[in-house]
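Analysis of the macromolecular model
Take a look at the letters that make up each chain.
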Amino acid sequence: MGTIDASDLLPADRLQTAALEGEVTQLHRGDKHASEGDTFDIENTTFEVVEVREERLGELTDEDAQAEGSSDLEAYKDRIERTHDLEWDDDRTAVLHRFEPVS
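Residues numbered from 1 in each chain as written. Predicted model: local features only at pLDDT ≥ 70, side-chain atom pairs only at ≥ 80, totals over all residues. Heavy atoms only, no water.

**Concerning the packing of aromatic side chains**
Quick reminder of the rule: Two aromatic rings, drawn from Phe, Tyr or Trp (for Trp, its six-membered ring), form a pair once their centres lie within 6.5 Å of each other, and the interplanar angle then sorts them: stacked below 30 degrees, edge-to-face above 60, tilted otherwise. Helix numbering and strand numbering both begin at the N terminus, where a helix is a DSSP run of H or I of at least 4 residues and a strand a DSSP run of E of at least 2. Throughout, exposure labels follow a simple rule: accessible area from a 1.4 Å probe, protein chains only, divided by the maximum for the residue type, with under 20% read as buried, over 50% as exposed, and the rest as partly exposed.
The final tally for this structure, using the stated rule, is four aromatic pairs. Ring geometry for Phe 40 and Phe 99: centres 5.5 Å apart, planes at 75°, overall edge-to-face. Placement of the pair is Phe 40 in strand S2 (residues 39-42) and Phe 99 in strand S4 (residues 93-101), with a sequence separation of 59 residues. The exposure class of Phe 99 is buried, given its relative accessible area of 3%. Where Phe 47 meets Phe 99, the ring centres are 6.0 Å apart and the plane angle is 85°; that geometry is what we call edge-to-face. With Phe 47 in strand S3 (residues 45-56) and Phe 99 in strand S4, this pair connects stretches of sequence that are 52 residues apart. When sorted by exposure, Phe 47 lands in the same class as Phe 99, which is buried.

**Description of the nonpolar core**
One broad rule of soluble globular proteins: the nonpolar side chains tend to lie buried together. Inclusion rule: Nine residue types can take part in a nonpolar core, namely buried Ala, Val, Leu, Ile, Met, Phe, Trp, Tyr and Cys, and a core is a set of them joined through side-chain atoms within 4.5 Å. Any pair of residues with heavy atoms lying within 4.5 Å of one another is described as a contacting pair.
Ranked by size, the top nonpolar core spans 17 residues in total, and within it Leu 9, Leu 10, Phe 40, Ile 42 and Phe 99 carry the most contacts. Mapped by element, the contributors of at least two residues to this core are helix H1 (6-9), helix H2 (13-20), S2, S3 and S4. Contacts of Leu 10, omitting those with residues within four sequence positions, involve Leu 15, Gln 16, Ala 19, Leu 27, Phe 40, Ile 42 and Phe 99. If you look at the next biggest cluster of nonpolar residues, it comprises eight residues, including Ala 65, Tyr 76, Trp 88 and Ala 94.

**Some details on the side chain of Gln 26**
The cut-off we apply is this: Think of a polar contact as two N or O atoms within 3.5 Å of one another; within protein, one of them needs to be a possible hydrogen donor and the other a possible acceptor, and neighboring residues in sequence only count if both atoms come from side chains.
Tracing the backbone through its elements, the reader meets Gln 26 in strand S1 (residues 26-29). A relative accessible area of 5% places Gln 26 in the buried class. Polar contacts involving the side chain of Gln 26 include one to the side chain of Asp 64, which spans 3.1 Å. Residue contacts for Gln 26: discarding those within four places in its chain leaves Asp 64, Ala 67, Glu 68, Leu 96, His 97, Arg 98 and Phe 99.

**Re helix H4 (residues 73-84)**
To keep it simple, the criterion reads: Working rule for helices: expected span equals 1.5 Å times residues minus one. The arc in question is traced by the directions running from the helix axis to the C-beta atoms.
With 12 residues, H4 extends 16 Å between its outermost C-alpha atoms, agreeing within 8% with the 16 Å of an ideal straight helix rising 1.5 Å per residue. Turning to H4, its buried residues number three or more, namely Leu 73, Tyr 76, Lys 77, Arg 79 and Ile 80. On an axial view of H4, the arc spanned by its buried residues comes to 165°, and they lie on one face. On the buried face of H4, the contacting elements are H2, S1 and helix H3 (62-67). Capping the start of H4, Asp 72 holds a side-chain oxygen 3.2 Å from the backbone nitrogen of Glu 74, two or three residues further along. Phi turns positive, to about 50°, at Asp 85, one or two residues after H4.

The following block contains the structure:
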């Protein structure tokens, strides 16, 4: 457990703002950017990473998409394909990082 820079996990300002507002409570990344128990700060709010695990994209649900700021899984797929210039593959893996504010 340690302290990480918020931008290591949430690389865009809009993601950090959405985390502060409770609109984003998890993020899938291509590889591991934090460990369970790590903390990070955004504008005087401390967050703790409460879950880190690898999973197949085909396992994601509408609930996962909503926790990452999309309205549903289809909107999430479209956003990921557009922003990462790739085709969605249900067998591809990503690392889930779920976090919550602690102060």
